[in-house]
Amino acid sequence: MWRMSQDPSLTEDEHLVLRLHPHWKTLIRPLAVAVLVVAAALVAEVLIQSGSVATVARLAVAVVAILFLMLWLMVPVLRWRTTVFELTDRRLRMRDGIVTRHGRDIPLVRINDVSFEKGLLDRLLGSGRLVVESAGEHGQIVLTDIPRVEFTQATLFRLVEDEQRRLERNQRNQP
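Residues numbered from 1 in each chain as written. Predicted model: local features only at pLDDT ≥ 70, side-chain atom pairs only at ≥ 80, totals over all residues. Heavy atoms only, no water.

Some thoughts on the overall build of the chain
What the chain contains, in helices and strands, is four helices and seven strands. The C-alpha atoms of the chain give 23 Å as radius of gyration, which overshoots the globular expectation for 175 residues (16 Å, by more than 25%). In the chain, which comprises 175 residues, the proportion classed as buried is 34%. A separation of at least 24 residues holds for 52% of the contacts in the chain among residues at least 6 apart in sequence. Of the charged side chains in the chain, 23 are positive and 20 negative; the average position of the first set lies 4 Å away from that of the second. (Helix = DSSP H or I, 4+ residues; strand = E, 2+ residues; numbered from the N terminus. Rg over C-alpha atoms; globule rule 2.2 N^0.38 Å. Buried < 20%, exposed > 50% of the residue type's maximum accessible area, 1.4 Å probe, protein only. Contact = heavy atoms within 4.5 Å. Lys, Arg positive; Asp, Glu negative; His and termini not counted. Charge placed at Lys NZ, Arg CZ, Asp CG, Glu CD.)

This is the structure:
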């Protein structure tokens, strides 16, 4: 029922149900700044008066703007691309990091409560915060900018219930 694809990092009897990246809204601010930088660079290009150093000045403005844009956009896009939230039929997996990778796995049996929060902008864009309470050291985990947060919350809730039923069946079947 839940099978999507087999991932080599999953256990033999574990199946990936849902893989998500943060919502694209996390890229709005960097893109808005990029538009402003391009506009400022174009204004600067126009304001540079003709003369012997005009070509060099225009080239310098263009190079600075391009370098700024590359650095400014590269980090948020890479952070967005390398952050992954995965739901399997056994655990919630979180992976992030551009150079240094970080991972956290929470077994579904340790999850006590799953809820979501949506602000006005989240409602308009179809995203939100997923709040997962687990029986462990860290207690509550808040995952921000989750796309289709209501669907994700419902899926995670169903997976938790299915895992609890599976464990109960296994306990009853053991002598």
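Read on for the rest.
Examining the side chain of Thr82
Among the secondary structure elements, Thr82 is positioned in helix H2 (residues 54–82). Within the structure, Thr82 has its side chain in polar contact with the backbone oxygen of Leu78 (distance 2.8 Å). Sequence-distant contacts of Thr82, that is, excluding residues within four places in its chain, are made with Arg95, Asp96, Gly97, Ile98 and Arg101. (Polar contact = N/O pair within 3.5 Å; in protein donor to acceptor, adjacent residues only side chain to side chain.)

Concerning the environment of Phe85
By the element assignment, Phe85 lies in strand E2 (residues 84–88). Sequence-wise, Phe85 and Arg95 are ten residues apart; in three dimensions their C-alpha atoms are separated by 6.5 Å. Each residue touching Phe85, except ones within four places of it in the same chain, is listed here: Leu18, Arg19, Leu20, Pro22, Arg93, Met94, Leu143 and Ile146.

A few points about the sheet that holds strand E1 (residues 16–20)
Spatially, the four strands line up as an open sheet ordered E1-E2-E3-E4, and their pairing is antiparallel. Either end of the sheet is taken by a strand with one partner, and the two such strands are E1 and strand E4 (102–107). With strand direction ignored, the average angle separating the axes of adjacent strands in the sheet is 15°. (Pairing = 2+ DSSP bridges. Axes fitted to C-alpha atoms, helices over the stretch in contact; angles between N-to-C directions.)

Quick word on the pattern of salt bridges
A full pass over the atoms with the stated rule returns 13 salt bridges. One salt bridge connects Arg90 with Asp13, and the closest N-O pair in it is separated by 3.0 Å. Pair noted here: Arg90 is in the loop between E2 and strand E3 (91–96) and Asp13 is in the segment before E1, with a separation of 77 residues, a long-range link. Asp122 is paired through a salt bridge with Lys25; the nearest N and O atoms lie 2.2 Å apart. Taken as a pair, Asp122 in helix H3 (residues 120–125) and Lys25 in the loop between E1 and helix H1 (28–47) lie far apart in primary sequence, 97 residues in all. One exposure class covers both Asp122 and Lys25, and it is buried. Taken together, the shared-partner salt bridges in this structure form one network comprising Asp13, Arg90, Glu163 and Arg166. (Salt bridge = Lys/Arg side-chain N within 4 Å of Asp/Glu carboxyl O.)

Points about a nonpolar patch on the surface
Together, Leu71, Met74, Val75, Leu78, Ile98 and Val99 line one region of the surface with nonpolar side chains, adding up to about 540 Å² of accessible area. When you line up the elements, Met74 lands in helix H2. Relative accessible area serves as the criterion here: at 40%, Met74 is assigned to the partly exposed category. (Patch = residues over 30% accessible without salt bridge, like charges linked within 9 Å, V, L, I, M, F, W, Y side chains within 5 Å. Areas by Shrake-Rupley, 256 points an atom, 1.4 Å probe, with all protein chains shown as cover.)

Describing H1
For H1, spanning 20 residues, the distance from its first C-alpha to its last is 29 Å, which sits close to the expected 28 Å at 1.5 Å a residue. Within the sequence span of H1, burial applies to Pro30, Ala34, Val37 and Ala41. Angularly, the buried residues of H1 cover 60° about the axis, an arc narrow enough to put them on a single face. Exposed and oriented more than 90 degrees from the buried face of H1 are Arg29, Val35, Leu36, Leu42, Val46 and Leu47. Buried-residue contacts for H1 involve H2. (Expected span 1.5 Å × (residues − 1). Arc of directions from axis to C-beta.)

Observations concerning the pairing of E4
Pairing geometry for E3 and E4, over six bridges, is antiparallel. Counted as the bridge partner of Asp96 is His102 from E4. Connecting E3 to the next strand, E4, in antiparallel fashion are five residues, including Gly97 with a positive phi near 120°.

On their own, these measurements won't tell you what the molecule is for.
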